[in-house]
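These are the residues of each chain, in order.
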Amino acid sequence: MSDVTPAVQATAEPSREAVVDLLGMLAYSELVAFDRMAADARLAPDLRRRAVLSEMAAREITNYCRLADRLVELGADAEVTMQPYVRAVSDYHAQTEPADWLEGLAKAYVGDGIADDFTREVAAVLAAPDRDLILDVLHDSRHADFAADELRAAIAVDPKVANRLSMWARRLVGEGISQALRVAGERPSLASLLAIGGTDFQALLKRLTSAHTARMVAVGLNN
C-alpha cells in the first residue's frame, strides 16, 4: 500500500467531465495492465509464477469492467472516454518495454506504484461512490507485493542485479512523470481536480518522490 497521503481539502464540487475523465483514464490503465500482465506471465521462469501473474491479470480485467460499468451509469461511452489516453499510455509502454522478467517486475512495482499514487491524489476530492470505487480498484497490492518479493529474492542471489534495476527504475519514473504531465496538460479537467483540492504541484511531486524513494529502499534498490 502507498505511503502517499493526499493533502487536499475540497473547495468546490468536481465537474461531471472531470469525474468521467478520471474514470476513463483509470479504465484504460486497467485494460492495458491486463494486456501487460498476460504478456509478462509468458516471461515467467516457471509455471507457478506464470499462474500467479495470470490470476492477477484476471483481476485487472475485472477492475476494468467495474470502471466501464460506472462510466455507463454516468451516461458516458467507455471507449470514447478512454480514447484520449491511448497515445500517452502507449508511448510510455513503448519507451519502457522490459527486456526480461526482472525488468517487468520492476516496472510493475515502481512504474505502477507511482501511477497509482498520482491517481489517489487526483481522486481524493471526489465524492462517493466514485472515490470509493477508484480507491478500491487501487487498493489491491498483491501484484506489488509479489513483484517486491521477487525483486528482493533476485537481489539476494545476485546483488549486482540491484544496480541494473535501479537504473531501469529511474528511467521508468522519468518517463512516467513526463507522460503524467502530458496528460495533465491535454486534459484540463484532470488538472482541475488538483486545483479543487488546493494541491500545490511542487508539494505533490515531493510526496510522489518521497513515496517512490521508500518503495525503492524497501526492495534494496538505489534511488
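Caption draft 1: Spatial organisation of helix α8 (residues 161–186). Over its 26 residues, α8 runs 37 Å from end to end, which matches the ideal 38 Å to within 8%, given 1.5 Å per residue. Among the residues of α8, Val-161, Ala-162, Leu-165, Ser-166, Trp-168, Ala-169, Leu-172, Val-173, Glu-175, Gln-179 and Val-183 are the ones counted as buried. Looking at the buried residues of α8, the elements they touch are α1 (16–41), α4 (86–95), α5 (101–123), α7 (142–157), α9 (188–196) and α10 (201–219).

Caption draft 2: Local environment of the packing of α1 against α5. One way to put it is that α1 packs onto α5 with a least axis distance of 12 Å and a crossing angle of 170°. In terms of orientation, α1 lies roughly antiparallel with respect to α5. Of α5, the residues touching α1 (which contributes Leu-22, Met-25, Leu-26, Arg-36 and Asp-40) are Trp-101, Gly-104, Lys-107, Ala-108, Asp-112, Thr-119, Val-122 and Ala-123. Each residue belonging to the contact of α1 with α5 can be placed in one class, and the counts come to 7 nonpolar, 2 polar and 4 charged.

Caption draft 3: Focus on the pattern of salt bridges. As enumerated under the stated definition, the model contains 19 salt bridges in all. Among the salt bridges present, the one from Arg-187 reaches Asp-21, with a minimum N-O distance of 2.9 Å. Of this pair, Arg-187 sits in the loop between α8 and α9 while Asp-21 is found in helix α1, placing the two residues 166 residues apart along the sequence. For the salt bridge of Arg-152 with Asp-149, the shortest nitrogen-to-oxygen distance reads 3.0 Å. Here Asp-149 and Arg-152 lie together in helix α7, a separation of 3 residues that amounts to about one turn.

Caption draft 4: Seen up close, α10. End to end, α10 covers 28 Å across 19 residues, agreeing with the expected 27 Å (1.5 Å per residue, within 8%). Every buried residue of α10 is listed here: Leu-204, Leu-208, Ala-211, His-212, Arg-215, Met-216 and Val-219. Angular distribution of buried residues about the axis of α10 spans 140°; they occupy a single face of the element. For α10, the exposed residues set more than 90 degrees away from the buried face come down to Gln-202, Lys-206 and Val-217. Buried residues along α10 sit against α5, α7, α8 and α9. Looking one or two residues beyond α10, the residue adopting positive phi is Gly-220, at roughly 90°.

Caption draft 5: Geometry of the side chain of Arg-36. By the secondary structure assignment, Arg-36 is in helix α1. Relative accessible area serves as the criterion here: at 12%, Arg-36 is assigned to the buried category. If we skip the residues at most four places from it in the chain, Arg-36 touches His-93, Lys-107, Ala-108 and Asp-112.

Caption draft 6: Focus on the packing of α4 against α8. At a closest axis distance of 10 Å, the pairing of α4 and α8 adopts a crossing angle of 165°. Our classification of the angle between α4 and α8 gives roughly antiparallel. At the point where α4 passes α8, the crossing takes the right-handed sense. Mapping the contact onto sequence places Arg-87, Ala-88, Asp-91, Tyr-92 and Gln-95 in α4 and Arg-171, Leu-172, Glu-175, Gly-176, Gln-179, Arg-182 and Val-183 in α8. In terms of residue class, the contact of α4 with α8 is made up of 4 nonpolar, 3 polar and 5 charged.

Caption draft 7: Focus on unusual backbone geometry. Here Ala-128 and Pro-129 are connected by a cis peptide whose omega angle stands at 10°. Counting through the fold element by element, Pro-129 comes out in the loop between α5 and α6 (130–139).

Caption draft 8: Just the environment of His-212, in detail. With respect to the helices, strands and loops of the structure, His-212 is situated in helix α10. His-212 gets classed as buried once you look at its relative accessible area, which sits at 5%. Between the C-alpha atom of His-212 and that of Met-167, which follows or precedes it by 45 residues, the distance is 14 Å.

Caption draft 9: Local environment of the confidence of the model for the chain. Residues with a pLDDT of 70 or more make up 94% of the chain, whose mean pLDDT is 87. The weakest mean pLDDT in the chain belongs to α9 at 82; the strongest belongs to helix α3 (residues 78–82) at 96. With pLDDT under 50 throughout, residues 7–11 is counted as low confidence; its partners more than four residues away or in other chains account for 16 contacts.

What counts and how
- Residues numbered from 1 in each chain as written.
- Predicted model: local features only at pLDDT ≥ 70, side-chain atom pairs only at ≥ 80, totals over all residues.
- Heavy atoms only, no water.
- Helix = DSSP H or I, 4+ residues; strand = E, 2+ residues; numbered from the N terminus.
- Expected span 1.5 Å × (residues − 1).
- Buried < 20%, exposed > 50% of the residue type's maximum accessible area, 1.4 Å probe, protein only.
- Contact = heavy atoms within 4.5 Å.
- Axes fitted to C-alpha atoms, helices over the stretch in contact; angles between N-to-C directions.
- Parallel < 35°, antiparallel > 145°, perpendicular 65-115°, else oblique.
- Nonpolar A, V, L, I, M, F, W, Y, C, P; charged D, E, K, R; others polar.
- Salt bridge = Lys/Arg side-chain N within 4 Å of Asp/Glu carboxyl O.
- Arc of directions from axis to C-beta.
- Left-handed = near helix turned anticlockwise from the far one by under 90°.
- pLDDT = per-residue confidence, 0-100.

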